[in-house]
Amino acid sequence: MTGAWTKCKSVLVTGSSRGIGLQLVKELAERSDRPARIIATARDPASSTALQEISKAYQGVHMVTLDVNSQESISSAVQEVQSIVGSEGLSCLINNAAINISTDLNTVTPDAMMTTFQVNSVSPLFVTKAFLPLLQTSASQSTGMGLHRAAVINISSILGSIQANWGETAAFKAYAYRTSKAALNMLTRCLAVDLGPKGIVCMSLHPGWVKTDMGGPLAELTVEESVSGMLSVLSTLSEDDNGGFKDYRGHTLPW
Ligand code: NDP
């Protein structure tokens with residue numbers, strides 16, 4: 001929808017040092033209908049040359065340090081973001097940061113499960129809780145539901161779909177990753193129940209299988225194809241999407 005992103009005053013992306021997160025920041029910054037403030041967070045922004053270049057090339061791209069596993073890092077990021085967005089609050093939080101430790105039934109360990117759950121399922125909850133006051137500030141300034149008001153987008157995966165993990169698609173047995181994304185999907189639903197009535201739309205979004213460090217070189221999509229699709233899907237975000245699970249083409253996915 002043309003112009004939809006202009007109505008979104010600010011977007012924060014976690015894990016924007018590389019891959020899909022970096023491309024989300026780049027494409028948002030390049031749009032003619034771009035949000036005024038793009039907050040690119042990363043564990044160590046100084047170590048991402050690509051992110052540094054984007055923040056130098058485009059006005060209104062703010063780099064903020066955020067390790068999603070650290071409550072201390074989350075708290076100081078919230079303070080920094082508060083000073084960037086001011087009284088307008090935060091319009092859109094994209095929980096993108098994640099890890100994928102390769103684990104099948106033989107190789108899975110308690111440590112691999114716990115480490116993956118921490119980053120992929122627990123951290124998105126506590127990042128969202130920490131930014132909630134800023135999201136509520138934005139939500140309190142409009143009516144309806146969508147990018148113009150407030151949104152929490154959890155970057156999930158079809159691999160987190162319990163229904164889809166049956167038959168042929170069940171071949172890829174990534175125990176830690178699949179279960180962590182299934183938990184993230186339930187987090188989306190819980191947040192949607194709690195935050196929907198406050199005007200904050202919450203949804204899970206699958207980027208497709210994408211050529212990044214995580215997706216690998218054999219993946220189906222370039223990062224550009226995936227991200228332009230996701231931004232287009234998000235541009236039509238409405239109350240119908242609250243508690244939903246879609247892919248980068250806008251197709252509804254099974255839970
Ligand atoms: P990458 O592995 O390429 O990038 C992962 C990003 O997450 C990096 O920026 C990394 O930062 C960051 N990250 C990891 N741990 C933390 C942390 N503790 N705090 C802050 N940032 C952290 O992955 P993709 O770009 O491919 O994936 C992005 C999202 O898309 C993920 O949620 C993934 O599960 C999902 N996805 C990806 C698919 C694909 O095919 N690529 C398919 C389906 C879903 P650092 O550089 O510091 O390590």
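Residues numbered from 1 in each chain as written. Predicted model: local features only at pLDDT ≥ 70, side-chain atom pairs only at ≥ 80, totals over all residues. Heavy atoms only, no water.

Engineer: Sorry if this is basic, but what is going on with the overall build of the protein here?
Structural biologist: The number of helices and strands found in the protein is 7 helices and 7 strands. Listed N to C, the secondary structure of the protein is α-β-α-β-α-β-α-β-α-β-α-β-α-β in terms of helices and strands. Compactness check: the protein gives a C-alpha radius of gyration of 17 Å against a globular reference of 18 Å for 255 residues, within 12% of the reference. Its C-alpha atoms put the protein at 50 × 40 × 35 Å along the principal axes. Going through the 255 residues of the protein one by one, you find that 52% of them count as buried. (Helix = DSSP H or I, 4+ residues; strand = E, 2+ residues; numbered from the N terminus. Rg over C-alpha atoms; globule rule 2.2 N^0.38 Å. Buried < 20%, exposed > 50% of the residue type's maximum accessible area, 1.4 Å probe, protein only.)

Engineer: Mind showing me how you'd approach the confidence of the model for the protein here?
Structural biologist: Low pLDDT means the predicted atomic positions in that stretch should not be read closely. Averaged over the protein, the pLDDT score is 96; the fraction of residues at 70 or greater is 99%. This prediction of the complex comes with two scores: 0.98 for pTM and 0.99 for ipTM. (pLDDT = per-residue confidence, 0-100.)

Engineer: What am I meant to see in the site of the ligand here?
Structural biologist: Taken together, 29 residues sit near the ligand, with S17, R43, N96, Y177 and T212 positioned nearest. Between the ligand and S17 there is a distance of 2.6 Å, counted from an oxygen atom to a side-chain nitrogen or oxygen. R18 places a side-chain nitrogen or oxygen 2.8 Å from an oxygen atom of the ligand. Among the elements of the structure, α2 (19-30) and α6 (175-195) are those that each provide at least two residues to the shell around the ligand. (Near = heavy atom within 4 Å. Polar contact = N/O pair within 3.5 Å; in protein donor to acceptor, adjacent residues only side chain to side chain.)

Engineer: Please explain the sheet that holds strand β4 (residues 92-95) as it appears in this structure.
Structural biologist: Sheets are built from strands that pair by backbone hydrogen bonding, the pairs being arranged parallel or antiparallel. Here we have 7 strands laid out as an open sheet, ordered β3-β2-β1-β4-β5-β6-β7, and parallel in their pairing. The open sheet has two edge strands with one neighbour each: β3 (61-65) and β7 (244-247). Pairwise comparison of adjacent strand axes, ignoring direction, gives a mean angle of 20° for this sheet. For strand β1 (residues 10-13) and strand β2 (residues 37-42), the ladder comprises 4 bridges, and the chain directions are parallel. Following the sheet pairing, V11 is matched in β2 by I38. Of the strands in this sheet, β5 (151-155), β6 (201-206) and β7 touch α6, which is tilted by about 160° from β6. (Pairing = 2+ DSSP bridges. Axes fitted to C-alpha atoms, helices over the stretch in contact; angles between N-to-C directions. Contact = heavy atoms within 4.5 Å.)

Engineer: Which parts of the structure should I look at to understand the layout of surface pockets?
Structural biologist: It is a probe the size of a water molecule, rolled over the atoms, that shows where empty space is left. Reported here for the second largest pocket is a volume of approximately 170 Å³. The wall of the second largest pocket is formed by 13 residues, among which N165, A174, Y175, R178 and T179 lie closest to the centre. Tallied by class, the residues present in the lining of the second largest pocket amount to 7 nonpolar, 4 polar and 2 charged. (1 Å grid on protein atoms, 1.4 Å probe; cavity = no way out; pocket = protein on both sides within 12 Å on 5 of 7 lines; lining within 4 Å. Points joined across faces, edges and corners; volume = space filled by probe spheres on them. Nonpolar A, V, L, I, M, F, W, Y, C, P; charged D, E, K, R; others polar.)

Engineer: What's the story with the pattern of salt bridges in this structure? I'm lost.
Structural biologist: When their charged atoms lie close together, side chains carrying opposite charge are able to pair. Taken as a whole and assessed by the stated rule, the structure comprises 6 salt bridges. For R31, the salt bridge is made with D33, and the minimal N-O distance between the two is 2.7 Å. We note a salt bridge from R37 to E88, for which the minimum N-O separation is 2.3 Å. Of this pair, R37 sits in strand β2 while E88 is found in the loop between α4 (71-85) and β4, placing the two residues 51 residues apart along the sequence. Owing to a relative accessible area of 21%, R37 belongs among the partly exposed residues under this scheme. We classify E88 as partly exposed; its relative accessible area is 27%. (Salt bridge = Lys/Arg side-chain N within 4 Å of Asp/Glu carboxyl O.)

Engineer: For this particular structure, what's the right way to read the pairing of β3?
Structural biologist: Regular strands place their side chains on alternate faces of the sheet. Of the pairings in the sheet, the one linking β2 to β3 comprises 5 bridges and is parallel in character. Among the inter-strand pairings, A42 is bridged to a residue of β3, identified as T65. Following the chain from β2 across helix α3 (residues 49-57) to the adjacent parallel β3, one finds a crossover that is right-handed. (Right-handed = clockwise from strand over helix to strand, strands pointing away.)

Engineer: Looking at this structure, I do not really get the packing of α4 against helix α5 (residues 110-139). What am I missing?
Structural biologist: Pairs of packed helices are described in terms of their axes, by the angle between the two and the distance that separates them. Two elements in contact, α4 and α5, have axes separated by 10 Å at closest approach and are oriented at 25°. Judged by the angle between their axes, α4 and α5 are roughly parallel. Seen along the crossing, α4 lies across α5 with a hand that is right-handed. Residue-level inspection shows Q71, I74, A77, V78, V81, Q82 and V85 of α4 in contact with α5, the latter providing F126, V127, A130, F131 and L134. Considered class by class, the residues forming the contact of α4 with α5 number 10 nonpolar, 2 polar and no charged. (Parallel < 35°, antiparallel > 145°, perpendicular 65-115°, else oblique. Left-handed = near helix turned anticlockwise from the far one by under 90°.)

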